[in-house]
Amino acid sequence: MVNKERDFNVSGGKRRVLLVEDEIVNQEIMRTILNDTYEVIVAETGEDAIKIVSSQYETLSIVLLDLNLPGISGIEVLRRLKDDPTYSRLPVIVMTADSDAEVECLTLGAIDFIPKPYPQPKVILARILRTVELSEDRDILRFTERDRLTGLYNKEFFYRYVSQFDLYHKDVPTDAIVFDINHFRTINDRYGKTRGDEILRNIAENASNVADDVGGIVCRNEPDEFMLYCPRRNDYDSVLDRLSVVTEDGENGENRIRLRMGVYSDADKTLDVERRFDRAKMAADAVRGNLTEPIGFYDNSMRETEVLAAQLIDDFPSALREKQFVVFYQPKFDVRYSEPVLSSAEALVRWKHPKLGMVSPGVFIPLFEQNGLIQQLDHYVWSETGAQIRRWKENFNMSVPVSVNVSRVDLYDSGLVNKLLNIVKENGLNVRELILEVTESAYTENSEKIVEKVKQLRELGFLIEMDDFGSGYSSLSMLSYLPIDALKLDMQFIRNAFNGNKDTRLLEAMIRLAGSFEVPTIAEGVETEEQVFTLKAMGCDFIQGYYFSRPLPANEFERFIEEKKAPFNRLENVRQTG
Ligand code: C2E
Ligand code: MG
Ligand code: MG
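Residues numbered from 1 in each chain as written. Chains lettered and ligands numbered in written order. Predicted model: local features only at pLDDT ≥ 70, side-chain atom pairs only at ≥ 80, totals over all residues. Heavy atoms only, no water.

To continue, consider the overall build of the chain. Assigned secondary structure in the chain consists of 20 helices and 22 strands. Radius of gyration (C-alpha) of the chain: 34 Å, far over the 25 Å computed for a compact globule of 578 residues. With the C-alpha coordinates aligned to their principal axes, the bounding extent of the chain is approximately 125 × 55 × 50 Å. Residue burial in the chain is summarised as follows: out of 578 residues, 48% are buried. Long-range contacts, defined here as pairs at least 24 residues apart, represent 66% of the contacts in the chain between residues at least 6 apart. Computing the positive centroid from 71 side-chain charges and the negative centroid from 96, the chain places the two 4 Å apart. (Helix = DSSP H or I, 4+ residues; strand = E, 2+ residues; numbered from the N terminus. Rg over C-alpha atoms; globule rule 2.2 N^0.38 Å. Buried < 20%, exposed > 50% of the residue type's maximum accessible area, 1.4 Å probe, protein only. Contact = heavy atoms within 4.5 Å. Lys, Arg positive; Asp, Glu negative; His and termini not counted. Charge placed at Lys NZ, Arg CZ, Asp CG, Glu CD.)

This is how it looks when you write it as structure tokens:
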């Protein structure tokens, strides 16, 4: 399927011409005409010509072919070259005294003619140059519109072809489809990049066959994401089947590479092509991680989400200006003693939207992570939090460290370290008072870069908590080399352990293993006394959750600070009166 790319190799600054000519005199004439501009290689028979083409195809710019040859004829050489997809794009000019052969040669794929006896040298040179340039332009176009690895269209060209497709299929209902490999990174890690590339090429090949069969077009967008545009169908189960590939997996035998698919059926053609595929992508994301239902369809509820998303993005700048984002604080308790002791808090943002009321971060954080607005929002939350830590220090004469969430996107910001240090400095804090929560999935996504950045922050003294541990795909063994100061067990993970047929063995093993690496554990989302009791018995160090408190506005949170101060106050009183 994938044609070999021809490089425009130029030898010693000259393009190479293959002259297929048995007559010495004609060889000499052509050499004299061409030598200044081209490097000329001569083949005296058709067999030689085929041999040279097959071994030097990539460096040849053009073939000049005499029709009267000993052995196989020039016509036969032409037919063989044009029949082989590997060489078919190499341009051929036929040289002949027989004007009757013209039609046959053109039908076979020759591009032009040079009559014999030869015309003026400048005419010959002009014809050759024009042919070579035309062919190179075509190859450059091919090169730029195709993805190098798979030979499929790239996104830009695909979008153009989709528009053309619409012009030719005006009244045909059409589907926009996105499909994507589940955990492609893990596949790359597990099998290596070469295997990963091979898997991508296999899927591309399947996709290209499917596109041919269903009368559609296909492209590769992101490394592991493909897009298909085709007349409406209702057999996507079998389409998905045909796309998927199986790979050998050493001792485990065969392993099916799992794909997920999003279908925006009967796409609205008045929408931008990009928007149509955004919808298909939204449908694909809705089935992320769903192994039983790998195909998602764009529907009305997604439309509502989309409208809401557009509104939130529009409203963001004014919301930030008008301080509609409010930081709430949820306490974390140290449970290693007989009585739980307040140890720190987590800053959690809420949006007091003038029309929508209180909007939860679960709605807008993922959205702002997609379009980068998260960087501005997080910076705002960190600044607010820094100022709050300072005020508590001043008002209560006590340090309450607070953790802030650092999004994956923030870790790619080259200004991150300075932003954080400035907040610490401006508020006269100790770096250890502004704790950073980094979600586990950030580590697995681009481990090396992220690990480096986190290490740097840690060397500056920041404490790092790994958030949502257990939700991603990192393994516990990562704990031995990841730069972290505490592990926050994912809420879902705790919920599962205490669900219905309660099974806390995994939870216990994790806490114990973290302990063996001397990494303290924090359990979040803890709601019941039973959970607190069990977690404590397992050796969990800190607990955060509704059992102790929901996230609260700063002033309401202060009761925990006062409570913590109380024993000291009493002690002070005793000292003073005693
Ligand atoms: P997270 O960082 O894992 O935060 C914990 C979430 O669990 C919070 O949800 C919290 O309110 C909730 N939670 C705490 N205890 C319990 C409990 O006992 N039961 C239940 N059911 N839930 C509990 P929230 O505030 O809705 O935040 C959701 C997520 O949004 C956070 O998850 C965090 O990933 C993100 N987020 C919140 N604020 C920020 C922020 O300022 N910046 C960034 N980048 N992300 C934020
Ligand atoms: Mg968090
Ligand atoms: Mg969490």
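Next up on the list: the coordination of the magnesium ion (ligand 2). Taken together, the protein ligands of the magnesium ion (ligand 2) are Glu346 (OE), Asn405 (OD1), Glu437 (OE) and Asp467 (OD), with distances of 2.0 to 2.3 Å. Positions of the donor residues of the magnesium ion (ligand 2), expressed as sequence spacing, correspond to E-x58-N-x31-E-x29-D. Between the magnesium ion (ligand 2) and the magnesium ion (ligand 3), both coordinated by Asp467, there is a metal-metal distance of 4.0 Å. One end of the pair, Asn405, is in strand β16 (residues 402-406); the other, Glu437, is in strand β17 (residues 434-439), with 32 residues separating them in the sequence. (Donors = N, O, S within 2.8 Å, 3.2 Å for Na, K, Ca; no water.)

Protein-derived coordination of the magnesium ion (ligand 3) comes from Asp467 (OD), Asp468 (OD) and Glu524 (OE), at a distance range of 1.8 to 2.5 Å. Motif for the magnesium ion (ligand 3), donor spacing along one chain: D-D-x55-E. Among the residues examined, Asp468 registers a relative accessible area of 22% and is labelled partly exposed. By relative accessible area, which is 8% here, Glu524 ends up buried.

Per-residue confidence for the chain averages 89 on the pLDDT scale, and 93% of its residues sit at or above 70. Scored below 50 in pLDDT, residues 1-11 makes 35 contacts in the model with residues more than four places away or belonging to other chains. (pLDDT = per-residue confidence, 0-100.)

Below, the discussion takes up the environment of Arg130. Along the chain, the position of Arg130 falls in helix α5 (residues 121-145). Along the primary structure Arg130 and Asp112 are separated by 18 residues, whereas in three dimensions their C-alpha atoms are 9.9 Å apart.

Phe325, Phe364, Phe368, Leu377, Tyr443, Leu507 and Phe557 are the most contacted members of the largest nonpolar core, which totals 84 residues. In terms of residues, this core owes the most to one element, helix α13 (residues 374-396), which gives 8 residues. Residues in contact with Leu377, not counting those within four places in the same chain, are Phe316, Leu320, Phe325, Val349, Phe364, Ile365 and Phe368. Within the second largest apolar cluster, 30 residues are counted, among which are Leu200, Ala211, Val245 and Leu259. (Core = buried A, V, L, I, M, F, W, Y, C linked by side-chain atoms within 4.5 Å.)

One open sheet holds the 5 strands; their spatial order is β2-β1-β3-β4-β5, and the pairing between them is parallel. In this open sheet, the two edge strands, each paired with only one partner strand, are β2 (38-43) and β5 (112-115). Each neighbouring strand pair of the sheet contributes to a mean axis angle of 25 degrees, computed without reference to strand direction. In this sheet, strand β3 (residues 60-66) lies alongside strand β1 (residues 15-20) in parallel orientation, the contact comprising 5 bridges. Counted as the bridge partner of Leu18 is Val63 from β3. Across the sheet, helix α1 (residues 24-34) touches β1, β2, β3 and β4 (92-96), and the angle it forms with β2 is around 165 degrees. (Pairing = 2+ DSSP bridges. Axes fitted to C-alpha atoms, helices over the stretch in contact; angles between N-to-C directions.)

This paragraph deals with the site of ligand 1. In the neighbourhood of ligand 1, 24 residues make up the surrounding shell, with Arg350, Asp378, Met491, Glu527 and Tyr546 lying closest. Between ligand 1 and the protein, one listed contact pairs an oxygen atom with a side-chain N or O atom of Arg350 at 2.8 Å. Within the side chain of Glu527, one N or O atom sits 2.5 Å away from a nitrogen atom of ligand 1. Coverage of ligand 1 by the protein chains reaches 84% of its 790 Å² of free accessible surface. Only β14 (341-353), α12 (361-371), α13, β18 (464-469) and α17 (491-498) provide two or more residues apiece to the shell around ligand 1. (Near = heavy atom within 4 Å. Polar contact = N/O pair within 3.5 Å; in protein donor to acceptor, adjacent residues only side chain to side chain. Areas by Shrake-Rupley, 256 points an atom, 1.4 Å probe, with all protein chains shown as cover.)

This part takes up the packing of aromatic side chains. Inspection of every chain in the model, using the stated rule, returns 23 aromatic pairs. When the ring of Phe179 is compared with that of Phe226, the centres are 5.3 Å apart and the planes differ by 10 degrees; the resulting orientation is stacked. In this pair, Phe179 is assigned in strand β6 (residues 174-181) and Phe226 in strand β8 (residues 225-231), connecting sequence segments 47 residues apart. Overall, Phe226 belongs to the buried group, its relative accessible area being 0%. Both rings, one in Phe316 and one in Phe325, keep their centres 5.8 Å apart while their planes meet at 55 degrees; by these two values the pair is tilted. For Phe316, a relative accessible area of 1% puts it in the buried group. Ring-pair connections join several aromatic residues into one group, and the members of that group are Tyr329, Phe333, Trp392, Tyr547, Phe548, Phe557 and Phe560. Between the NZ or CZ atom of Arg550 and the centre of the ring of Tyr546, over which it lies, the distance is 4.0 Å. (Phe/Tyr/Trp six-rings, centres within 6.5 Å; stacked < 30°, edge-to-face > 60°. Lys NZ or Arg CZ within 6 Å of the ring centre and 35° of its normal.)

Residue Pro117 is bonded to the preceding Lys116 through a cis peptide linkage, with omega at -5 degrees. Looking at where Pro117 falls in the secondary structure, it is placed in the loop between β5 and α5. Unusually for a residue other than glycine, His183 sits at a positive phi of about 50 degrees. Mapped onto the elements of the fold, His183 is located in the loop between β6 and α7 (184-191). You can call His183 partly exposed: its relative accessible area is 39%. A positive phi angle, near 55 degrees, is found at Lys323, a position not held by glycine. Take Lys323: it is sitting in the loop between α11 (300-321) and β13 (325-334).

The next thing to look at is the packing of α7 against helix α8 (residues 193-214). Two elements in contact, α7 and α8, have axes separated by 6 Å at closest approach and are oriented at 130 degrees. Considering the angle they form, α7 stands oblique to α8. Residues Phe184, Ile187, Asn188 and Tyr191 of α7 lie in contact with α8, whose contacting residues are Lys193, Arg195, Gly196, Ile199 and Leu200. Here the residues of the contact of α7 with α8 sort into 5 nonpolar, 2 polar and 2 charged. (Parallel < 35°, antiparallel > 145°, perpendicular 65-115°, else oblique. Nonpolar A, V, L, I, M, F, W, Y, C, P; charged D, E, K, R; others polar.)

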